[in-house]
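The chain contents come next:
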Amino acid sequence: MRQLPWIPIALISAMVIMAVFAPLLTSHSPIEQSLATRLVPPAWDERGSAEHLLGTDHFGRDVFARLVYGARISLIVVVLSLLAGGGVGLLLGIVSGYVGGRLDSFLMRLVDAAFTFPAILFALLLAVTMGQGLNTLIIAISLLLWANFARVIRGEVLALKQRDFIALAKVHGCSPARIMAIHVLPNVMNTFMVLVTLNIGVVIVAEASLSFLGAGVPPPTPTWGLMVAEGRGRITSAWWLTLIPGIAITLVVLAFNLFGDWLRDRLDPKLRQL
Amino acid sequence: MGRFVFQRLIQSIIMVVLVATFVFFLGRLTGNPVDLILPEDSTPEDRVEMIKTLGLDRPIHEQFLIFAANALRGDLGTSIRFHEPAVELFFSRLPNTLYLSVPAMLVAVLMAVPLGVISALRRGGLIDKLSGTIAVLGIATPNFWLGILLIFVFSVQLGWLPSGRMGGLANYVLPSITLGTFLVAGFMRLIRSSMLEILDSEFVKLARIKGLSETTVIWKHCLRNALIPVLTLWGVFMAGLVTGAIVTETVFAWPGIGRLTYEAVIYRDFPLLQAVIIMAAVMIVFINLIVDILYAYVDPRIRFD
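Residues numbered from 1 in each chain as written. Chains lettered and ligands numbered in written order. Predicted model: local features only at pLDDT ≥ 70, side-chain atom pairs only at ≥ 80, totals over all residues.

### A closer look at unusual backbone geometry
Excluding glycine, a negative phi dihedral is what most residues carry, and trans is how most peptide bonds are arranged. Here the bond from Pro219(A) into Pro220(A) is cis, since omega is 5°, no more than 30 degrees from zero. Examined against the element boundaries, Pro220(A) turns out to sit in the loop between helix 8 (176–212) and helix 9 (224–231). Residues other than glycine seldom take positive phi values, yet His83(B) does so here, at roughly 50°. Mapped onto the elements, His83(B) comes out in the loop between helix 4 (60–72) and helix 5 (86–121). A positive phi angle is found at Ala253(B), which is not glycine, with a value near 50°. Inspection of the secondary structure puts Ala253(B) in the loop between helix 11 (234–251) and helix 12 (257–266). (Helix = DSSP H or I, 4+ residues; strand = E, 2+ residues; numbered from the N terminus.)

### Concerning the packing of helix 3 (residues 63–99) of chain A against helix 6 (residues 134–161) of chain A
Residues and elements named next belong to chain A. Two elements in contact, helix 3 and helix 6, have axes whose closest approach is 6 Å; the angle formed by their N-to-C orientations is 35°. For the element pair helix 3 and helix 6, the recorded crossing hand is right-handed. Here the contact of helix 3 with helix 6 is built from residues that sort into 20 nonpolar, nine polar and two charged. (Axes fitted to C-alpha atoms, helices over the stretch in contact; angles between N-to-C directions. Left-handed = near helix turned anticlockwise from the far one by under 90°. Nonpolar A, V, L, I, M, F, W, Y, C, P; charged D, E, K, R; others polar.)

### Digging into the nonpolar core
Of all hydrophobic cores here, the largest spans 154 residues; its most connected members are Ala123(A), Leu124(A), Leu273(B), Val276(B) and Ile277(B). For this core, the leading source of residues is helix 8 of chain A, giving 17 residues. Ignoring any residue separated from it by four or fewer positions in sequence, one finds Ile277(B) in contact with Leu121(A), Leu125(A), Val19(B) and Val23(B). (Core = buried A, V, L, I, M, F, W, Y, C linked by C-beta atoms within 7 Å. Buried ≥ 20, exposed ≤ 12 C-beta atoms within 10 Å, placed from the backbone. Contact = placed C-beta atoms within 7 Å.)

### With respect to the interface of chain B and chain A
On the side of chain A, 35 residues touch chain B, which itself brings 41 residues to the contact. Secondary-structure elements contributing two or more residues to the side of chain B that touches chain A are helix 1 (2–29), helix 6 (126–140), helix 7 (143–157), helix 11, helix 12 and helix 13 (270–298) of chain B. With nine residues, the top contributor of residues to the side of chain B that touches chain A is helix 11 of chain B. Residues that form the side of chain B that touches chain A fall into these classes: 31 nonpolar, nine polar and one charged.

See the structure below:
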């Protein structure tokens, strides 16, 4: 157990605790404005106050409260978009690899196309046509994720297909659907879990970037990307508005990536090329 | 070769048609596009008028034919915000993005190639660990945040460099670094892993046995072959470049296509966004087509695969 990546685990736990226990960690509301306490610097600054640990923004909202509630949004987006995008990728990967033939070449063309076309453009388009919101964001980020999942899982399935137990199942009269569900799926779950962990960082960065571009969850809901975007214009006078959420993003993504690398080496070293 | 080019050309056209069709139907299926096109303070009469002029009261397949016919003539609608044909706007901003992409690519190559090569040579050494850290940090730092950080340090605190907009050479420094580093991590990892593979191959051993100097072996024989996978992944890097450009140009108020895309989003300028996406698809697809053809020309294995 000595080799467990303790620092990443600590950071990830901190984020999850923030997200889950947000109302217990701060008495301030993340969206209520208070013009009397606008732009208060963090507590360690001489003009700061102990009341607002990380200061307040231009609407007088507590930065720590927004950070804590923002973690919640990030985690919701991570879970839902990995379920949706990763799930679709997993399904297509299994079907494509197992069924093969024309369907496989068609799906893999689609995957190639998805890799060369910047998914962010579709994400922005969705935000404009469907309107900003959590659903739009989840669909947009899923569009970004599915292709990588489908490609890697398909590769795994191609190798699995050659194994004896699959041939035996066939001889035994199992339908293709049954083989895929009962014999193939459990055997790609390890790879799937590694992909999920490695993509958590991707989702957080995507969510933050889309929020920054005005295509994420709409204000006043606090998200880290939106906090960076809103504070950007005040970087000369109120640096804490952008730097604090930015550092939070980097640390969390870094932690998830390091944890993902560790998990990959543990569960599935042959995926090292990912 | 002719057959290969023809096949790839057909594929490229199909891809552009697919993107355009997708964009068209997305705009129609999620409500009446009139609501996306009209300004918010317009009257119901304006709405009826607009539906008529745009032919939105006709059946959807007819609308699609009109859209396709217009698109083929290079007409992708008029921007709501700028009151100009969207395609013209795209082309007027395109050069600015290209001016930024060239130094950014240069930054990416100048950082990624030496770091990738050296970390492969000295595996586990200080530079390998350092560049590994840079790669991990680079992936964990969103592009927009890096840009803002650079502005904070070099423009606000130190006052050395301008924080944005086009202008003299100094204006290029921070945006090109921001856009360039977006590509560095991926580039570097790829070069490192393919260098490791090649260092192990027979022809490298032969080159060494022949008594060639280590510099020649590494920088000429190995690197040349190590760059092949980088070229094959060119399309993926292009996609990254477009994504990076949208964010970087937004942070630095750089008047290119990326910034135009951002403006289309925040002003809910659907015709403009639609045009930008279709034009971007055309560009990406055809640049990839050209790269593929050049590549097949250089490497016969691809042609016959």
